[in-house]
Amino acid sequence: MGVIGKVISGGFGKVIVRQKASEVIELGELLVSETPSKKLILQVYDLLYGSQLSQQNLELVSGLKLEENSDLELMDFSMRNYPLALLKGVLEIQVIPKMPKTLPIFFSDVRRLEEKDIPFFSSPKNPVFLGNLRSGTKTLNIEVCLPGDKALTHHILISAQTGKGKSNLAKVLLYKATKDANAGFLVLDPHDEYFGRHEDGLKNLKKTMYFSPSNPPPGSRQLILSLNTIKPSHLEGAMYLSDPQWQAIAAYSRAYKEDWVESLILEKELKVLFNEATINVVKRKLMQLLDIRIIEGKLVTKGIFSTSGGNSTVRDIVNEIENAKTVIIDTSSFSKNLEVLIGSIISSEIFKKYKRYKQSGQLKDKPAISIVIEEAPRVLGKDVLEKGSNIFSTIAREGRKFKIGLIAITQLPSLIPRDILANMNTKIILGTEMANERAALIASAAQDLTSDDRTIASLDTGEAIVTSSFLKMAVPIKIPLFKPVEESNQKINYPGLK
Amino acid sequence: MKFAHIADCHLGGWREPKLQQLNLSAFMAAINNCLTEKVEFLLISGDLFNTSLPPIDILKEVVTGLKKIKDNKIRVYAIAGSHDYSPSGKTMLDVLENAGLLINVAKAVPVENKLQLEFTKDEKTGILFAGLPGRKGMLDKSYYAALDRESLKVKGTKIFLFHTAISEYKPKEYENMESMASSFLPEGFDYYAGGHVHEPLIVKQSGWLVMPGPLFPNNFAELEKLVHGSMVICEILESKFVPKLIKIPLVDIYKINMDCNEKSSEHVTGELLAALDETEGKIVLIRLHGTLASGKVTDIDFPSIYKKAQNSFFIMRNTSKLHSKDFEEIKVKIGSVDEVEKRIIEEHDSKTHLFENEKDIVRKLLMILSKEKAEGETKSAYEDRILEEFTNSITF
C-alpha cells in the first residue's frame, strides 16, 4: 500500500504527519511507520491545517477571492497547503508487540495499516468476539477477540449513550461467545431483547436458555421460584431495612430455616421478641416485593414466587450456566428491586458453588462465568453501595478469584465507584458525548486514552474503542450489525405415535 | 360431569408378591372409585405397567378391571409412559386398545418437519383428547419441539395427556430428574393430564396442570413419603374444571427412622425391638442411618426384629446409609468408571486381606461380571460362559 504522509515534526505522543495531497487521513485511523527492523503503529487523534503561507497572507488571499476575483487561485495549492495529522504511537512491533518507546524516523513515510501488519490479532483460546478492527471509518477484515477465560473473569464494561449500539454489541458478543467460547453467561434482561422473542436474538442457539415470567415461547421456561429459595442475604440491594428489621429477618431465618419468608409473613412465633411495628414493616415490604397476599390465613402468591413450584429453578439455571450455556432472564416486567433480588438469588448461588469448586480444586475444569447487568449503576452505583454491599459488588471485587466476572452495561460509568471501575479490566467504549462520563472512562482505562477524548465523543453508532489489559493497545473496532445464523434442524422420527 | 385421572400405576413393579398384589388392589380401588363417583371417562397418563411385557397374571387383573368399567360405559383414554415401551416401540396398550378396552390418544402425523396431533373425540361429552407418549431419556421432548401448535387451536373442551416431568414444578426430591419446560405443552387445553413424577401436583395455569402421583407407592422411599397412592377425580361444572386429589388408603404404614450414630449393633437391635409396637396389619418401614460405634450392620439382629413384627403386613428395611466403623464409607474422586473402581479396590485392599493378588482378582471378576449376554445367546449359555470365566480367573 502506498505512502499517505510523512513524519515532519512533533514529539513522543504527538507525532506530526503531513498528509499527501491525493490521500485523506481520518481521525482514529491507524497508520504504520516502518524501518527494516520494526514497525511503529500510530493512531491519528487530531487533524489540523498546515500552510506555507502565513495566516495573514491566507486571510488576505481568501478576502481577495471572496470579495473581488472569484477565479483567483493559489499557485501550487496542494504543495503549499495541506492537512496535518497528529499521531500517537500505539504499538511497536519487532518480534513481539509492545508499547512504543521510540519515535518514528524523522521524515519517514507513513502508510495505512494492513492486515498483515498485526498477525497477533489471531483468535485466542475461548474467543470473545467484539467486532472488526477499524481504522478511522474503514473496517478491516481482522476480528478483534478477547481471551474469554481472562477477559470475562476480569469484568467488562460496556459504556455508551443511548442509540450508540450497546444492545447490538451485547447481542453480538453474547451470540458469538455462546457459540465459540467455553463460558457460561447469566443475562438479566430488563428490556427482553436478547432472546429475540419477536426479533433477531439468541433464540436459535441450542446453548441458550430463556426464562420469562409470562407466556414463554415453546421450549423456554416459565420463571417460577420457590419462596424457599430466598435467603436473607439475597435481599441486600433489593430492600433497604433498618438494623432491627434485618435482625428480625435473621431471627426468622434461624428459627424457620428455608420457610422463614412464609413464617415471617404469617407472623409465626419467635423466641426473641421484636417490636410489632418492626415485624409489620418487614412483612409489608416483603409482601410488596414478592407479590404475596394472605387469604384465609394462607399465603397466596401472585408473582414469580411460588409455594408449589420452582423448587429446581435456581439449581437448573446454575447448572446450565456451569455447562457453558447462556441463560437469559426476562426481567422486563419486574420492578427494579425485584430484578435485583432475582439476580442476587442466582448470582449468589453461582458464587457459592464456584467458591466450593475452588476449595475442592475443581475450579480449573469449570468454564468462566459472566453475569450481564444492564444499567449497572442500579447495583454498582456509588449511592447503592453506600447503603451496603451486594453480591454484584462482591463479584466485582472478588469474582476473578473464582472465575466469575461481570459484563456491566451503562450510560453513566461515572456513577460507579472508582475502585470497581478500575477492576473492570476491559472497557468497550462506544460514542459518549458527556464529558464527565468520558473522563471517568479515560481515567480508569487500561491504556492511556488521554488524547482520545475527542475521538470518543465523535464515535459513530457501532464504532467503539476497546481498552483492555488483554489487548496490546487500545483497539478501535466496528461492531457488525447483529445477524443470527439459522441452525439446521435434523429430521427426527416419532416412534410410539399412531 | 366427572372424570378420573390416574398415572404411574407401575403394575408388576414390586418384586414382593404381597406388595405386587397391593399395587393391583390399588388399581382395582381406582376402578371402583370410578364407578362410585360415576365418572364419564378415565384418563391413564402413562406407566400403567412397569414393563412393556407385563406378566400374564398382572395383565389378567388389568383386563378384568378395564372390562368392569367398560361394562359400566366408562371410556378409558390413555397414553403410554416411558415404562410401557419396549426398546422397539411395542406396548401392551396396543393389545388393550385392540381389545376395545381403552383408546390410545397419542395420535399424530408428521407434516413437513412438524408433528400434527390428531384429536380423539369423546362422543358422549364432546371433549377432545390429544396426547403424547412418554419416552425414556426425555426423547419425547423432540415431539414437543416439533409440535404444530396452530393445528391444535380448535374450539371446544380439550384435554391433553402427557407423561413427562415439568421443570417448573419438579418436587425438591426430583431435582435431578430430566424434565421439560411447561411452555413445551401445547396451549389452549383446559386440563393437562400428566404423569411420570411420583408426587401429586394440582396447579392452575392457563389450564389445570395435574399429576395424580402414583396409584400406589413404588418403592421404600415413596411408601415413606406418600404413604398411600392417589388419583384425581375432576368435576366439570359449567365448563369449569375442579380437580380433587383422592388418596387410596389400603394398608397403614409404620415408620421407624433411626439415627444409629454412636450406637452399637446390639443397642440398635434393642431400640428397634422396643420401637416396634402395634404393627399388626401394617407395612413396617425401618430406615437406619449413621455409623455404628461397634459391630457390623449384619450384626443387627433382624431375624428377632422380624419375629417381633410378624403380624405386620410386610416389613422392609433400608440400611443404605448405615455404616460400620469396620467398613467405613470410602470417598473417591470423580473419574471414569474404571478409575473409580480401581480406587475403591485399592482403598479396600488396605482394610481386608482375604487372599493373595486380591486386587488383580477383584479387577478380573469385575470385568467378567460386567459382560453382557451376547446377541442370540441363550440365558443358560450365558450363565455357563460367565461361570466358566469366573472359575478360570480365580487362582488362590
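Scroll up to find the structure this text is about.
Only a predicted model underlies this, so the values are computations on that prediction, with no experimental measurement involved.

Q: Could you clarify how one ought to interpret the overall build of chain A in this entry?
A: Scanning chain A from terminus to terminus reveals 15 helices and 23 strands. Across its three principal directions, the C-alpha atoms of chain A cover 95 × 60 × 45 Å. For chain A, restricting intrachain contacts to residue pairs at least 6 apart in sequence, the fraction spanning at least 24 positions comes to 71%. Element-wise, carbon and sulfur atoms account for 51% of the exposed surface of chain A, whose accessible area totals about 22700 Å².

Q: Would you mind showing me how to read the sheet that holds strand β13 (residues 229-237) of chain B here?
A: Strand pairing in a sheet relies on backbone hydrogen bonds. The paired strands run either parallel or antiparallel. Residue and element names in this part refer to chain B. Spatial strand order, β4-β3-β2-β1-β13-β14: six strands in an open sheet with mixed pairing. Unpaired on one side and paired on the other, β4 (103-104) and β14 (240-248) mark the two borders of the sheet. Relative to strand β2 (residues 41-45), strand β1 (residues 2-6) runs parallel, the two sharing four bridges. Counted as the bridge partner of histidine 5 is leucine 43 from β2. Sheet contacts for helix α1 (residues 17-36): β1, β2, β13 and β14; angle to β14, the most-contacted strand, approximately 140°.

Q: Help me out: how do you make sense of the interface of chain B and chain A in this one?
A: Many authors give the size of an interface as the accessible area that is lost as the parts come together. At the interface, 31 residues of chain B touch 24 residues of chain A. Among the residues of chain B in contact with chain A, Glu168(B), Glu175(B) and Ser183(B) are the three that bury the most area, contributing 23% of the side total. Here chain B is connected to chain A by four salt bridges. A salt bridge links Arg221(A) to Glu168(B); the nearest nitrogen and oxygen atoms lie 3.9 Å apart. Connecting chain B to chain A are eleven residue pairs in polar contact (both at pLDDT 80 or more). When contributions to the side of chain B that touches chain A are tallied by element, the ones reaching two or more residues are α3 (92-98), β5 (108-111) and α4 (141-145) of chain B. By residue class, the composition of the side of chain B that touches chain A is 14 nonpolar, eight polar and nine charged.

Q: Can you help me understand the pattern of salt bridges in this one?
A: Between side chains of opposite charge, a pair can form when the charged atoms approach closely. All names here are of chain A. In this structure the tally under the stated criterion is 43 salt bridges over all chains. Ionic pairing is found between lysine 39 and aspartate 117, a salt bridge with its closest N-O pair at 2.9 Å. Note that lysine 39 is positioned in strand β4 (residues 39-51) and aspartate 117 in the loop between β7 (109-112) and β8 (127-135), a separation of 78 residues in sequence. Exposure class is identical for lysine 39 and aspartate 117. Each is buried. Taking the shortest distance from any N to any O, the salt bridge between aspartate 452 and lysine 88 comes out at 2.4 Å. Of the two residues, aspartate 452 sits in the loop between α14 (435-443) and α15 (453-457) while lysine 88 sits in strand β5 (residues 81-93), which places them 364 residues apart along the sequence. Each member of the pair, aspartate 452 as well as lysine 88, is classed as buried. One network of salt bridges, with partners in common, ties together Glu34, Lys39, Arg111, Glu114, Lys116 and Asp117.

So, how was this worked out
Residues numbered from 1 in each chain as written. Chains lettered and ligands numbered in written order. Predicted model: local features only at pLDDT ≥ 70, side-chain atom pairs only at ≥ 80, totals over all residues. Heavy atoms only, no water. Helix = DSSP H or I, 4+ residues; strand = E, 2+ residues; numbered from the N terminus. Contact = heavy atoms within 4.5 Å. Areas by Shrake-Rupley, 256 points an atom, 1.4 Å probe, with all protein chains shown as cover. Pairing = 2+ DSSP bridges. Axes fitted to C-alpha atoms, helices over the stretch in contact; angles between N-to-C directions. Buried area = accessible area lost by both parts, 1.4 Å probe. Salt bridge = Lys/Arg side-chain N within 4 Å of Asp/Glu carboxyl O. Polar contact = N/O pair within 3.5 Å; in protein donor to acceptor, adjacent residues only side chain to side chain. Nonpolar A, V, L, I, M, F, W, Y, C, P; charged D, E, K, R; others polar. Buried < 20%, exposed > 50% of the residue type's maximum accessible area, 1.4 Å probe, protein only.

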